[in-house]
Amino acid sequence: MKWHSRTSRTNGTIRGLIWPAVAVLTAATACAAPASSATSPKATAADRSAGARAVAPAPRTSATAFGGASSVGVLIDPDGEHFCTASVVASPKGNVIATAAHCIQDSGSADAYLPGDLEFAPGFSGRGKGTYPYGRWKVGAIHLDKRWTEGDDDADAADYAFLVLKPDAKGRQVQQAVGAATPDWASPPDRRVTVVGYPNRAHNPTNRPVACTTDTRPDPDLPQTLLMECAGFWEGTSGGPWLADYRDARHQGRLIGVLSGGDTDSESTAALFDDRARSLYDEAAAGQREGPAVP
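What you see is a predicted model; the values in this text were computed from it and never measured.

Cut-offs applied
- Residues numbered from 1 in each chain as written.
- Predicted model: local features only at pLDDT ≥ 70, side-chain atom pairs only at ≥ 80, totals over all residues.
- Heavy atoms only, no water.
- Helix = DSSP H or I, 4+ residues; strand = E, 2+ residues; numbered from the N terminus.
- Buried < 20%, exposed > 50% of the residue type's maximum accessible area, 1.4 Å probe, protein only.
- Contact = heavy atoms within 4.5 Å.
- Areas by Shrake-Rupley, 256 points an atom, 1.4 Å probe, with all protein chains shown as cover.
- pLDDT = per-residue confidence, 0-100.
- Phe/Tyr/Trp six-rings, centres within 6.5 Å; stacked < 30°, edge-to-face > 60°.
- Polar contact = N/O pair within 3.5 Å; in protein donor to acceptor, adjacent residues only side chain to side chain.
- Disulfide = S-S within 2.5 Å.
- Pairing = 2+ DSSP bridges.
- Axes fitted to C-alpha atoms, helices over the stretch in contact; angles between N-to-C directions.
- Expected span 1.5 Å × (residues − 1).

**Examining the overall build of the protein**
Secondary structure assignment for the protein yields four helices and 15 strands. Residues counted as buried form 53% of the 295 residues belonging to the protein. Within the protein, residue pairs in contact and separated by at least 24 positions form 74% of the contacts whose partners lie at least 6 positions apart. In the structure as shown, the protein presents an accessible area of about 12,200 Å², 51% of it carried by carbon and sulfur atoms.

Below, the structure is given as structure tokens:
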């Protein structure tokens, strides 16, 4: 299997040095309990009623233009270019986003983006440099799994990262401004998902996100990894959310993983969120950091 990532770095390199956010991952208890440790705004009776009436998107074989979730956006590099997709994950402080680990660091490499290098632009779109309807949020901390940072044999199962954002100039957290999807740490591998991503400009001159609703299955070549078949997820879509039970912008379902790559342009993979992903998320949500501090 010839796995490849879907980043869209303009210079082909990443800069800086980042320490792993997790020095040692301890075994967590099985996550048969709540699907998320996050807190999110309580749904009103009207919201629940609307959610029950909302119809899930029909399955497709190719991605189409998407405008259904302002919580999905792009990562911006120091040159002002977008190169990966990310999305807001519901958290108690409302300041956590998820993306692919390889968007931050090549597995086992010392080179990585530092928090101060990156910004997150939710709802980004538009030709040229694009527009930022919800602004650009500075990254304050990066959390990567030790398996990824050390290049372990099972690093592909840890191709996810949780980034902590700083408040904007108004003092708001990103979740307050654009909403969030609730993470699911115990999802089965066979799910119907809506996957969202931002292809690079060569395939997406208007910088609009694309999405595809399809069914997942376990990847036979990569343990703890999901596989979907849907064309149109070009470079730049890495880190895009895999949302189970998505209905519409107000009913985003549950985040079960992020796009990590694929072996063809019509097949994409994602590391399925599990107890280790939850441990990493919990540290990001709590603002914890192990090992030497990241500038």
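**As for the confidence of the model for the protein**
As a general rule, the predicted coordinates of low-pLDDT regions are not to be interpreted in detail. Summary statistics for the protein give a mean pLDDT of 83 and a share of 79% for residues scoring 70 or more. The model gives residues 10-52 a pLDDT under 50, and that stretch makes 95 contacts with residues more than four places away or in other chains. Below pLDDT 50 for its whole length, residues 290-295 participates in 13 contacts with residues either more than four positions away or in separate chains.

**Some thoughts on the packing of aromatic side chains**
Throughout the structure, instances matching the rule amount to eleven aromatic pairs. Aromatic side chains Phe 124 and Tyr 198 sit 6.2 Å apart centroid to centroid with 50 degrees between the ring planes, which places their arrangement in the tilted category. Of the two residues, Phe 124 sits in the loop between strand 5 (119-122) and strand 6 (137-144) while Tyr 198 sits in the loop between strand 9 (192-197) and strand 10 (210-215), which places them 74 residues apart along the sequence. Judged on exposure class, the residue Phe 124 and its partner Tyr 198 are both buried. With a centroid separation of 5.8 Å and an interplanar angle of 75 degrees, the aromatic rings of Phe 162 and Tyr 281 are classed as edge-to-face.

**Some thoughts on unusual backbone geometry**
Unusually for a residue other than glycine, Asn 207 sits at a positive phi of about 55 degrees. Tracing the backbone shows Asn 207 in the loop between strand 9 and strand 10. Accessibility expressed as a relative area gives 0% for Asn 207, which makes it buried. You will see that Asp 245, though not glycine, has its phi angle at about 65 degrees, which is positive. Within the secondary structure, Asp 245 is located in the loop between strand 13 (241-244) and strand 14 (254-264).

**Some details on the side chain of Glu 81**
Its place among the elements puts Glu 81 in the loop between strand 2 (72-76) and strand 3 (82-89). Polar side-chain contacts of Glu 81 include one of 3.0 Å to the side chain of Lys 129.

**Considerations on the state of the cysteines**
In this structure the tally under the stated criterion is two disulfides. Cys 84 shares a disulfide with Cys 103; S-S distance 2.1 Å. Classification of the bridge connecting Cys 84 and Cys 103 rests on its S-S torsion, roughly -85 degrees, and on that basis the disulfide is left-handed. Placement of the pair is Cys 84 in strand 3 and Cys 103 in the loop between strand 4 (96-99) and strand 5, with a sequence separation of 19 residues. Side by side, Cys 84 and Cys 103 carry an identical accessibility label, which is buried.

**Concerning the sheet that holds strand 4**
Taken together, six strands build a closed barrel; the order of strands is 2-3-4-7-6-5 and the barrel is antiparallel. Neighbour to neighbour, the strand axes of the sheet diverge by 45 degrees on average, direction disregarded. The pairing of strand 6 with strand 7 (residues 161-165) spans five bridges and is antiparallel. Paired with His 143 across the strands is Phe 162, a residue of strand 7. Its contacts with the sheet put helix 4 (residues 275-286) on strand 3, strand 4, strand 6 and strand 7, and the angle it makes with strand 7 is roughly 10 degrees.

**Points about helix 4**
Compared with the 16 Å implied by 1.5 Å per residue over twelve residues, the 16 Å span of helix 4 between its first and last C-alpha is a close match. Looking at helix 4, one finds that the buried residues are Ala 277, Arg 278, Ser 279, Leu 280, Tyr 281, Glu 283, Ala 284 and Ala 285. Elements that come into contact with the buried residues of helix 4 comprise strand 3, strand 4, strand 6 and strand 7. Two residues or fewer after helix 4 comes Gly 287, characterised by a positive phi angle close to 75 degrees.

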